[in-house]
Amino acid sequence: MKPYSNIACARAVARSRFLTVVFAVAGLATASVQASPVVYNNLQVTNAMASASRPGSGAAFEIESADDFVLTQATSIDHASFIGLFKAGATGLPAVSQIRLEIYRVFPFDSDTTRTPHVPTRTNSPSDVALDSREFSSVSFTTSILSSTFTALNSVAPGGIHPSPGQSTGGNGPVTGQEVQFEVDLLTPFVLGAGHYFFIPQVLLSNGGEFYWLSASRPISGPGTTPFPPGATDLQSWTRDQFLDPDWLRIGTDIVGGATPPQFNAAFALRGQAIPEPA
């Protein structure tokens, strides 16, 4: 809703089909390698889930998929990485038409706690409305094709999000496309205090293509990853579309469902600079 990582390098070097496509946004310089420290990193992709996430445009209604991270001190976040699928449309290979990054706090912040929800729970969900966001014109980014063909075993596709009591569909099944990594420089950083947040990347593709955000290790593990700080709980991924807004559904527990519902993380990393406290 409106209001660079070591492991990524290793993956890129290991794949012979590595290809980089650079986008210059609104005449801005292309994204540079960031020197900022890693704030959070879980780019250990799995093939368990792919969830659609895009800004609204014309007939393409808005879909938001969210995963969480924790800051132990005030931080200026100036770079984001995330990995997803480009599913080709019927009219040719897709290209990026629009990108949007959002930050949400955890419910009940920025939320109407008195309204009647249309989901099983709001506990540990993203808030009703975004805390901050960055549009296409305020970021500079590159994309890298990590694999020309990648299949996720399950997905949440456009039209696959439903309010209670019909939220548990089992998912929309396998989806195949190009595995693509985004490196995004925030020309205006996100300045956030210590706290628990959700990160949302939205990508709109041309030619009828669709972007799906890929799942990542849970529990967080693998070279270069950063587990949650002691005392903080790693929440699962959530999603919604404009028809469910302002409510959210848990991708695993609510949508996939089942006797032992799965829980998912999503593949992303953040870099930034700690902000010193005043003397």
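Residues numbered from 1 in each chain as written. Predicted model: local features only at pLDDT ≥ 70, side-chain atom pairs only at ≥ 80, totals over all residues. Heavy atoms only, no water.

Visitor: Hey, could you run me through the nonpolar core in this one?
Guide: Where a protein is soluble and globular, its nonpolar side chains tend to be buried together. In terms of nonpolar packing, the biggest core is built from 32 residues, with Phe69, Phe82, Phe182, Val184 and Phe199 touching the most fellow members. At the level of secondary structure, the elements contributing two or more residues to this core comprise strand E4 (63-71), strand E5 (75-87), strand E6 (96-105), strand E8 (139-152), strand E10 (175-192), strand E11 (195-205), strand E12 (210-216) and strand E16 (268-274). Considering every element that reaches this core, the biggest residue donor is E10, with six residues. When neighbours within four sequence positions are excluded, Phe69 is seen to be in contact with Tyr40, Ile77, Ile103, Leu192, Gly195, His196, Tyr197, Phe198, Phe199, Phe228, Phe268 and Leu270. (Core = buried A, V, L, I, M, F, W, Y, C linked by side-chain atoms within 4.5 Å. Buried < 20%, exposed > 50% of the residue type's maximum accessible area, 1.4 Å probe, protein only. Helix = DSSP H or I, 4+ residues; strand = E, 2+ residues; numbered from the N terminus. Contact = heavy atoms within 4.5 Å.)

Visitor: Explain unusual backbone geometry to me, please; I cannot follow it from the model alone.
Guide: The omega torsion of the bond from Ser164 to Pro165 falls at 10°, within 30 degrees of zero and hence cis. Checked against the element boundaries, Pro165 lands in the loop between strand E9 (155-156) and E10. Residue Asp245 is joined to Pro246 through a cis peptide bond whose omega torsion reads 10°. Counting through the fold element by element, Pro246 comes out in the loop between strand E13 (238-241) and strand E14 (249-250). We note that Asp110 has phi near 50°; this positive angle belongs to a residue other than glycine. When you line up the elements, Asp110 lands in the loop between E6 and strand E7 (132-134). Although it is not a glycine, Asn207 adopts a positive phi angle of roughly 60°. Looking at Asn207, the relative accessible area reads 33%, which means it is partly exposed.

Visitor: Just to check I follow, could you spell out the sheet that holds E7 for this structure?
Guide: Strand order in the open sheet made by the six strands is E7-E6-E11-E4-E13-E14, with antiparallel pairing throughout. With one partner strand each, in any of the chains shown, E7 and E14 form the two edges of the open sheet. One ladder, built from two bridges, connects E13 with E14; its direction is antiparallel. From the neighbouring strand, Thr239 faces E14, where its bridge partner is Leu249. (Pairing = 2+ DSSP bridges.)

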